[in-house]
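The primary structure of each chain is shown beneath.
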Amino acid sequence: MTRPHPTAPKRGDIQGLRAVAVLLVIFAHAGFPGFAGGFIGVDVFFVISGFLITGLLLKEVDRTGRVSITGFYSRRARRILPAATLVLVATMAVVALSESLTRITSTATDARWSAVFLANVRFAREGTDYFADAEPSVFQHYWSLAVEEQFYVVWPLLILLLAARMSRRALAVVLGTITLASLAWSVHLTASDPIAAYFSSFARAHELAIGGLLAIVGDRLRKWPKPLPGVIGVLGLLGLAVATITIDAQTPFPGWQALVPVLATGALIAAGDGEMPGVGRLLALRPLQWLGDMSFSLYLWHWPVLILGERHLDWSTWVRTPALLVITLALSALTHRFVEVPFQHGRLPLSKGRPALALWPIALVTVLLASGLAVGHGERAIAEREQAARDWFDRNPTALVTADGKSTAKDVAKAVRWAERGAPLPPELDIEGLGDDVWNREYKCFATWKKDQHELCPVGDKEAEDVVVLWGDSHAAQWLPALDEVGREEGFRVVPLLKMSCGPYDVPQWLGQMPREVCEDYRAWARAQIDELDPAAVVLGARGLRSTRLVDGREREDLWSEGVRTTVADVATLTPQVKVLADNATRTSSASDCLTQPDADQATCLSPKAGPEVDSNPLTVEAIADTGADFVDIGPLVCTDTTCPLVVGDQVVYFDEDHITVTWARTVATDFGKLLALRL
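Residues numbered from 1 in each chain as written. Predicted model: local features only at pLDDT ≥ 70, side-chain atom pairs only at ≥ 80, totals over all residues. Heavy atoms only, no water.

## With respect to the state of the cysteines
And step 1. Applying the stated criterion across every chain, the model contains 4 disulfides.
And step 2. Across a sulfur-sulfur distance of 1.7 Å, Cys 445 and Cys 457 are joined as a disulfide pair. Here Cys 445, found in the loop between α19 (439-442) and β1 (459-460), pairs with Cys 457, found in the loop between α19 and β1; they are 12 residues apart in sequence, far enough to count as distant.
And step 3. Two residues, Cys 639 and Cys 644, share a disulfide whose sulfurs are 2.0 Å apart. One disulfide, between Cys 639 and Cys 644, carries an S-S torsion of 95° and so falls in the right-handed class.
And step 4. The class for Cys 639 is buried, based on a relative accessible area of 6%.
And step 5. By sequence-ordered numbering of the bonded cysteines, the protein chain has its disulfides arranged as 1-2, 3-4, 5-6, 7-8. (Disulfide = S-S within 2.5 Å. Helix = DSSP H or I, 4+ residues; strand = E, 2+ residues; numbered from the N terminus. Buried < 20%, exposed > 50% of the residue type's maximum accessible area, 1.4 Å probe, protein only.)

Okay, here's the thing in structure tokens:
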């Protein structure tokens, strides 16, 4: 995403390559068929950046015998900060005016991390899955800018220390060593922690370093026999095409797979500029030059425009996506013309020489102010809504349902009726504490995505002889607080066997963070624990049909039914009672997102009782029909026959899109125990 030095001659092929890179990224994010691997455009940018920046620094050393650190960072400030800050502030404003307080707050945090070029650290720490996050940050694409700027903290200093004192050959050896070390780390980390690897600066450093190596040996490449650059260019273009088509969200990345687009980009750079025949001349075509010139602005704008457009424009995809791309192009052209160019050519204050260094603190303060104002705006809107709700409930005191867990189905139905009559959200809801009202904040013994076993931590009546095992994924685990309460009241010990995103059933199921083998290994371990515990009952639960992968061309419904039947029949040989929990519906929006919308009420936070999870229940009933297991329909504890309320009385039922709160699980524990009907 780096812009070329204003005084350096532009290579037409590299400008065209920028256009190719940004188009790959945009087409991938826009969901164009055949461009699933278009995210490799970022890797193309990394190689280009390493090549150009290293070349400029080496020319400065040749010209002056040194590297001006202040000059380097003043140039970086002029090229990067104005456009990057504009997009941060403008996007923050749109989010503040159109989204929930939860999203405003999260977006403000992401903006601050982006402003200090640590977005990659932020997303790695949050466990953001670049390929699977259902509600990605509007600033998620700033991770690549962060990687570049972190690289440029070290790179000019390294050139300053080495280039003036060592030969180019020695510098190449140092750079080659960095390349190999980074590549080795990338391969290792991609296998062990793919999310961290994707955002890791050191796992990506070899991509920029390979560009740097090309800059060091660039003069020699120009001496190649004339047909050779053309052949290399064609191979490079083919390499990018192959990577775009064959790499997708399931590919371990970056790892060694990133070498395909990286080496292909290196080949295209090595092939030479537009004066040479072949691909170089193709890349120098005027339309690609135009797009290449504003590729930085295109990269900055495309992601927030696509994400916000998808959230707020209820149009057909065939209409919405072209419209959003036109908006992206218009915003990018304006930003390039009126922001990038004036700052690069010294036409605005702080756009010449060392004074441009002041842009660093100015940009940071601007983002901090914008994000603070956005959060303040959202908080004021919620405060006004809560006051209006107090006034409404003063006039309608009978509308506040009091859930006692003894007639849950009636309480849920009453909550739906009042919601449909226009009841506001109760003003005393503990929205801030919702993030802590989660089963895994209190119950610590479970397997995360990478683990295939865990410590056994009994709950319920820990001294009781009778044992009840709860085995499943997070959709089983959400009922652990209720089962814990029932165990204490009825006198049995509860042993949780729980693994994130890994149901107990013999169904092909895995996520990007969890290889299939890890889930299967956990299932084998859990079964062995059940065999050893000899429980009086086993309660099974899983998220129905979600994350069920298609194998051997079979339908996921068939895979689900067969897996449930096989597992339940097997568990029935280990215990006299098997209880199979139904699954609850997934909401159409997250709980905190709905509750913090300025205009939200109980009706806007209703969700239909529908989706794959609900569809899985009749399949499960049929699958266990001849196994002797009992199906436990927990649906009435959460929804009516058609509708799921988010709020019942002054309690929140869900803490996210698909898991119930600990508070609600404990509230309905008595009714949950009646539905289980354990015989001990």
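Let us keep going from here.
## Some points on the packing of helix α11 (residues 227-246) against helix α12 (residues 259-270)
Each pair of packed helices can be described by the angle between their axes along with the distance between the axes.
And step 1. For the pair α11 and α12, interaxial distance at closest approach is 7 Å and the crossing angle is 155°. Comparing the axis directions of α11 and α12 gives the class roughly antiparallel. In this structure, α11 crosses over α12, and the sense of that crossing is left-handed. From α11, Ile 232, Gly 233, Gly 236, Leu 237, Gly 239, Leu 240 and Ala 243 reach across to α12, where they touch Val 260, Pro 261, Ala 264, Thr 265, Ala 267 and Leu 268.
And step 2. Residue classes in the contact of α11 with α12 are distributed as 9 nonpolar, 4 polar and no charged. (Axes fitted to C-alpha atoms, helices over the stretch in contact; angles between N-to-C directions. Parallel < 35°, antiparallel > 145°, perpendicular 65-115°, else oblique. Left-handed = near helix turned anticlockwise from the far one by under 90°. Contact = heavy atoms within 4.5 Å. Nonpolar A, V, L, I, M, F, W, Y, C, P; charged D, E, K, R; others polar.)

## Looking at a nonpolar patch on the surface
And step 1. A cluster of nonpolar residues, Leu 228, Val 231, Val 234, Leu 235 and Leu 238, forms a patch on the protein surface that exposes about 440 Å² of accessible area.
And step 2. Mapped onto the secondary structure, Val 231 falls in helix α11. (Patch = residues over 30% accessible without salt bridge, like charges linked within 9 Å, V, L, I, M, F, W, Y side chains within 5 Å. Areas by Shrake-Rupley, 256 points an atom, 1.4 Å probe, with all protein chains shown as cover. Salt bridge = Lys/Arg side-chain N within 4 Å of Asp/Glu carboxyl O.)

## Re the packing of aromatic side chains
And step 1. On inspection of all chains with the given rule, the structure shows 23 aromatic pairs.
And step 2. Arranged with centres 6.0 Å apart and planes meeting at 45°, the rings of Phe 123 and Phe 199 form a pair that is tilted. In this pair, Phe 123 sits in helix α5 (residues 119-125) while Phe 199 sits in helix α8 (residues 194-199), placing the two residues 76 residues apart along the sequence.
And step 3. Judged by its relative accessible area of 3%, Phe 123 falls in the buried class.
And step 4. Taking the relative accessible area as the measure of exposure, Phe 199 reaches 2% and is therefore buried.
And step 5. The interplanar angle of 45° and the centroid separation of 6.4 Å between the aromatic rings of Tyr 198 and Phe 253 together place this pair among those described as tilted. Placement of the pair is Tyr 198 in helix α8 and Phe 253 in the loop between α11 and α12, with a sequence separation of 55 residues.
And step 6. Pairwise contacts between aromatic rings join Phe 39, Phe 46, Phe 123, Trp 143, Tyr 198, Phe 199 and Phe 253 into one cluster.
And step 7. Stacked on the ring of Tyr 198, the Lys or Arg Arg 204 has its end atom at 4.6 Å from the ring centre. (Phe/Tyr/Trp six-rings, centres within 6.5 Å; stacked < 30°, edge-to-face > 60°. Lys NZ or Arg CZ within 6 Å of the ring centre and 35° of its normal.)

## Comments concerning the pattern of salt bridges
And step 1. Summed over the entire model, instances satisfying the criterion amount to 24 salt bridges.
And step 2. A salt bridge links Arg 75 to Glu 60; the nearest nitrogen and oxygen atoms lie 3.6 Å apart. Taken together, the residues span a long stretch of sequence, with Arg 75 in helix α3 (residues 69-98) and Glu 60 in helix α2 (residues 41-64) at a distance of 15 residues. The pair Arg 75 / Glu 60 is uniform in exposure class, with both members buried.
And step 3. A salt bridge links Glu 99 to Arg 311, with the nearest nitrogen and oxygen atoms 2.8 Å apart. Of this pair, Glu 99 sits in the loop between α3 and α4 (101-115) while Arg 311 sits in helix α15 (residues 295-312), placing them 212 residues apart in sequence.
And step 4. Each of Glu 99, Arg 103, Glu 135, Arg 311 and Asp 593 takes part in a single network of salt bridges with overlapping partners.

## Quick notes on unusual backbone geometry
And step 1. In this structure, the amide linkage connecting Phe 253 to the following residue, Pro 254, adopts the cis form with an omega of 15°.
And step 2. Note that Pro 254 resides in the loop between α11 and α12.
And step 3. In the Ramachandran plot, Phe 117 falls in the positive-phi region, its phi being about 55° despite a non-glycine side chain.
And step 4. Relative to the helices and strands, Phe 117 is located in the loop between α4 and α5.
And step 5. The backbone phi angle of Asp 534 is positive, close to 50°, even though this residue is not glycine.

## A look at the sheet that holds β1
Pairing between the strands of a sheet comes from backbone hydrogen bonds, and it takes one of two forms, parallel or antiparallel.
And step 1. The 6 strands are arranged β1-β3-β2-β4-β5-β7 in an open sheet whose pairing can be described as mixed. Looking along the sheet, the strands with just one partner apiece sit at the ends: β1 and β7 (630-632).
And step 2. Sheet topology places strand β5 (residues 578-581) next to β7; 3 bridges connect them, and they run parallel. Across the sheet, Lys 579 pairs through a bridge with Asp 630, a residue of β7.
And step 3. Running at roughly 125° to β5, helix α27 (residues 669-676) makes contact with β4 (537-541), β5 and β7 of the sheet. (Pairing = 2+ DSSP bridges.)

## Section: the packing of α2 against helix α9 (residues 201-216)
And step 1. Relative to each other, α2 and α9 sit at 45°, their axes nearing to 7 Å. In terms of axis orientation, α2 runs oblique to α9. Classified by chirality, the crossing of α9 by α2 is right-handed. Where α2 approaches α9, its residues Asp 43, Phe 46, Val 47, Ser 49, Gly 50, Phe 51, Thr 54, Gly 55 and Leu 58 are matched on the opposing element by Arg 204, Glu 207, Leu 208, Gly 211, Gly 212, Leu 214, Ala 215 and Ile 216.
And step 2. Considered class by class, the residues forming the contact of α2 with α9 number 8 nonpolar, 6 polar and 3 charged.

## So, the nonpolar core
And step 1. Counting residues in hydrophobic clusters, the biggest one holds 102 residues, and the most contacted among them are Leu 17, Ile 40, Tyr 142, Trp 143, Trp 155, Ile 159 and Leu 300.
And step 2. Apart from residues no more than four positions distant in its own chain, Tyr 142 is found in contact with Ala 84, Val 87, Leu 88, Ser 114, Ala 119 and Leu 300.
And step 3. If you look at the next biggest cluster of nonpolar residues, it comprises 64 residues, including Trp 439, Val 494, Leu 581 and Ala 582. (Core = buried A, V, L, I, M, F, W, Y, C linked by side-chain atoms within 4.5 Å.)

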